[in-house]
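A structural walkthrough
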Amino acid sequence: MLDVLLPQRCLVCGAGGAQLCAGCRARLPPLEPPLCARCGAPTAWPVSRCRECAGRRLAFATARGAVAYDDGVRRLVAGWKERGLRRLAETAAELVAERLPRPDVAVVTFVPADEHRRLHRGHHPAERLAYALASHWELPCEPLLERTRSAQRQRGLPLAARRRNVAGAFRAVAGVRGTALLVDDVYTSGATVAAAASALRADGARRVEVVTFARAVRTPGVGLGRAPERPI
Ligand SMILES: [Zn+2]
Ligand SMILES: [Zn+2]
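Below is a summary of the structure that appears in this document. (Residues numbered from 1 in each chain as written. Chains lettered and ligands numbered in written order. Predicted model: local features only at pLDDT ≥ 70, side-chain atom pairs only at ≥ 80, totals over all residues. Heavy atoms only, no water.)

A closer look at the environment of P112
Our working rule: Numbering goes from the N terminus for both helices and strands, where a helix is a DSSP run of H or I of at least four residues and a strand is a run of E of at least two. Exposure categories follow from relative accessible area, calculated using a 1.4 Å probe and restricted to protein chains: below 20% of the type maximum is buried, above 50% is exposed, and the middle band is partly exposed.
If you trace the backbone, P112 turns up in the loop between β2 (107-110) and α5 (115-121). Using a relative accessible area of 7% as the deciding quantity, one classes P112 as buried. For the pair P112 and H124, spaced 12 residues apart in the sequence, the C-alpha separation amounts to 8.1 Å.

So, the coordination of the zinc ion (ligand 1)
Condition: Donor atoms are limited to N, O and S found within 2.8 Å of the metal ion, a distance that becomes 3.2 Å for Na, K and Ca. With water left out, some sites might look partial. For four-coordinate sites, all angles between 85 and 135 degrees define a tetrahedron; for four- and six-coordinate sites, opposite donors beyond 155 degrees with the remaining angles between 65 and 115 define square planar and octahedral shapes respectively, and all other cases count as irregular.
Binding of the zinc ion (ligand 1) to the protein goes through C10 (SG), C13 (SG), C21 (SG) and C24 (SG), at separations of 2.3 to 2.4 Å. What the 4 donor atoms of the zinc ion (ligand 1) show is an angle range of 101 to 117° at the metal, which sorts the shape as tetrahedral. Read in sequence order, the donor residues for the zinc ion (ligand 1) give the motif C-x2-C-x7-C-x2-C.

Regarding helix α6 (residues 125-137)
Quick reminder of the rule: Expected helix span is given by 1.5 Å per residue-to-residue step, counting one fewer step than there are residues. Residue contacts are defined here by distance: any two heavy atoms, one from each residue, within 4.5 Å place the two residues in contact.
For α6, built from 13 residues, the straight-helix expectation of 18 Å at 1.5 Å per residue is met to within 8% by its first-to-last C-alpha distance of 18 Å. What α6 keeps buried is the set P125, A126, L129, A130, A132, L133, A134 and W137. Those residues of α6 that are buried are in contact with α3 (71-81), α4 (88-99), β2, α5, β5 (179-187) and β6 (207-215). Just downstream of α6, E138 is the residue with a positive phi angle, here 55°.

Examining the coordination of the zinc ion (ligand 2)
On the protein side, the zinc ion (ligand 2) has C36 (SG), C39 (SG), C50 (SG) and C53 (SG) as donor atoms, found 2.3 to 2.4 Å from it. One can describe the site at the zinc ion (ligand 2) as tetrahedral: its 4 donor atoms subtend angles covering 98 to 115° at the metal. Of note, the zinc ion (ligand 2) draws all its donor residues from one chain, in the sequence arrangement C-x2-C-x10-C-x2-C. Of the two residues, C36 sits in the loop between α2 (22-27) and β1 (62-68) while C50 sits in the loop between α2 and β1, which places them 14 residues apart along the sequence. Owing to a relative accessible area of 0%, C36 belongs among the buried residues under this scheme.

Some details on the sheet that holds β5
To be explicit about the condition: For two strands to pair, DSSP has to find at least two bridges joining them. Note on geometry: axes are C-alpha line fits, over the in-contact stretch for helices, and angles between N-to-C directions span 0 to 180 degrees.
The strand order β1-β6-β5-β2 describes an open sheet built from 4 strands, whose pairing is parallel. Taken across any chain shown, the strands that pair with only one partner, and hence form the sheet edges, are β1 and β2. The mean angle between the axes of side-by-side strands here comes to 25°, regardless of whether they run parallel or antiparallel. The pairing of β5 with β6 spans 8 bridges and is parallel. Within β6, the residue paired with L181 across the bridge is E209.

Quick notes on the pairing of β2
Here β2 shows two buried faces, one formed by V107 and T109 and the other by V108 and F110. Note that β2 and β5 share 4 bridges and pair parallel. When the sheet's bridge partners are listed, T109 is paired in β5 with L182.

Here it is in structure tokens:
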């Protein structure tokens, strides 16, 4: 309820009025082609695999994000996830639906919450985003995954450790036979969505596409952004 009662400020620029002002909304950095066809990373020219995903066994067919994870988006996502500004899920869903094509899938699902985090936050951002997106795209949304064990934070772990950390962290709870869209809030290394997609594929999903609100973008020589990938 806090986000209803407190005076509202734009999380990106601080101007009074709305959690995301019209100017900042229009300026959220897009992820424009050319992109890696597989993982959605911006690339110099169109490629089927890029330096970020080449050689990795990825259980998802494609991953796409609506906005690049820059400092402004980081503040927005922090407000949404950590400060409980849950109406931002609808804003995020609108932006995704505006910027990404409607996927050709049978069902929408999401990376499941770690229960401790859900209790702490009182909401699960990926779930709310998935339901809002499914409503925009007029697709069914179902919880198809659960976690097999509790969390170790992903943040701060090197890439190889992130992958080890998430391998086998999910299992499917409902049969999925056709194609599925897997939704998460932020794509950082892709380790979390790859592990979740792997569980869907193991359960029979024919194809898994990934959509996130934001995507970390590597700048040459800098490496991955400081995106707070959720703990596993
Ligand atoms: Zn603003
Ligand atoms: Zn790639």
